[in-house]
Amino acid sequence: MRKWMVAGNWKMHTTIPEAVALAGQVSAGVKGLSAGEVVLAPPFTALAAVSDVIKGTPVSLASQNMFYEEKGAYTGEISPLMLKDAGCTYVIIGHSERRKYFHDLDENINLKIKKCLAAGLKPILCVGETLEEREQGITEFVVGLQVKKALYGINAIDDVVIAYEPVWAIGTGKNALPIEAEEVHRFVRHLVGDMYGEVCARTRILYGGSVTQDNIGDLIGMEDIDGALVGGASLKSEGFLGIINKVLEKR
Ligand code: PEP
């Protein structure tokens, strides 16, 4: 059985004191949890402070991005070694907002995943189609290409988490229907199966896109949905803990 994961992507929100308070509330709310995995991705500035707060709790730390070099003259960038040093276990890579606003291309995403794994960190690879692509009926083509390019030359698939995040569902309040999401999750699992064989049964595939405590119950009930990457609803501890509690009820 795959271990479920609920990850909160705080995006460009929270000052350090706000992040510390939110992380404290989440870790208190999941005390004693052993069934699944809860991950928080605060902004870079709050990583070290949140790392201290979650020490000894079931919560793990993620960053929202990284650069693929270890060090050097790359003003404004953060390396995998720095993230490890700050206490991260996971790195979100290829989020649609990075692809859209910061020109994160599949080739860079592939390099980031390689360097992330080499540093002993685990990538959460985000893939997903735009509304136009869905309407053109090319969702599987687009998502399939993103997965294949991102994982090109990568062996350590057991350390990779994939998040299917339809772009049209991120931050819009329009989540995919559970059956629509499940179709893409099943497609991705089969694709990983074609690439890596039976280990695909162990690969965790999260759904992301306007997840709340009201819609997670039906999503997590789907066979190939192993959890959620949550944006907006992770910024308040009640909402985020509500999502985790719904997952716990269903799993
Ligand atoms: C995200 O940032 O990955 C996300 C899914 O955001 P939201 O839950 O706000 O749609």
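Treat the numbers as computed from the prediction; the structure is a model and nothing was measured. (Residues numbered from 1 in each chain as written. Predicted model: local features only at pLDDT ≥ 70, side-chain atom pairs only at ≥ 80, totals over all residues. Heavy atoms only, no water.)

(A) A look at the layout of surface pockets. Taken as a whole, the largest pocket spans an internal volume of roughly 570 Å³. If you go around the largest pocket, you meet 20 residues; those closest to its centre are Lys11, Met12, Gln64, Glu97 and Phe102. In terms of residue count, helix H4 (residues 96–101) provides more of the lining of the largest pocket than any other element does, five residues in total. Its residues placed into classes, the lining of the largest pocket shows nine nonpolar, seven polar and four charged. Its volume calculated, the second largest pocket comes out at about 210 Å³. (1 Å grid on protein atoms, 1.4 Å probe; cavity = no way out; pocket = protein on both sides within 12 Å on 5 of 7 lines; lining within 4 Å. Points joined across faces, edges and corners; volume = space filled by probe spheres on them. Helix = DSSP H or I, 4+ residues; strand = E, 2+ residues; numbered from the N terminus. Nonpolar A, V, L, I, M, F, W, Y, C, P; charged D, E, K, R; others polar.)

(B) Examining helix H10 (residues 237–250) more closely. The first and last C-alpha atoms of H10 sit 20 Å apart over 14 residues, in line with the 20 Å expected at 1.5 Å per residue. The set of residues buried in H10 consists of Ser237, Gly239, Phe240, Leu241, Gly242, Ile243, Ile244 and Val247. On its buried face, H10 sits against strand S1 (5–9), helix H1 (16–29), strand S2 (37–41), helix H9 (216–220) and strand S8 (227–230). (Expected span 1.5 Å × (residues − 1). Buried < 20%, exposed > 50% of the residue type's maximum accessible area, 1.4 Å probe, protein only. Contact = heavy atoms within 4.5 Å.)

(C) Inspection of the state of the cysteines at higher detail. With the rule as written, the count across this model stands at zero disulfides. We note that Cys88 lacks a disulfide partner, and the nearest cysteine sulfur, in Cys116, lies 9.4 Å from it. Here Cys116 falls in the buried class, since its relative accessible area comes to 0%. (Disulfide = S-S within 2.5 Å.)

(D) Structural context of the pairing of S8. Burial along S8 is two-sided: Gly227 and Leu229 and Ala228 and Val230, pointing in opposite directions, are all buried. Sheet topology places S1 next to S8; four bridges connect them, and they run parallel. Looking at the pairing, Val6 lines up with Ala228 of S8. One ladder, built from two bridges, connects strand S7 (residues 205–208) with S8; its direction is parallel. If you follow Gly208 over to S8, its bridge partner there is Leu229. (Pairing = 2+ DSSP bridges.)

These figures capture arrangement, not role.
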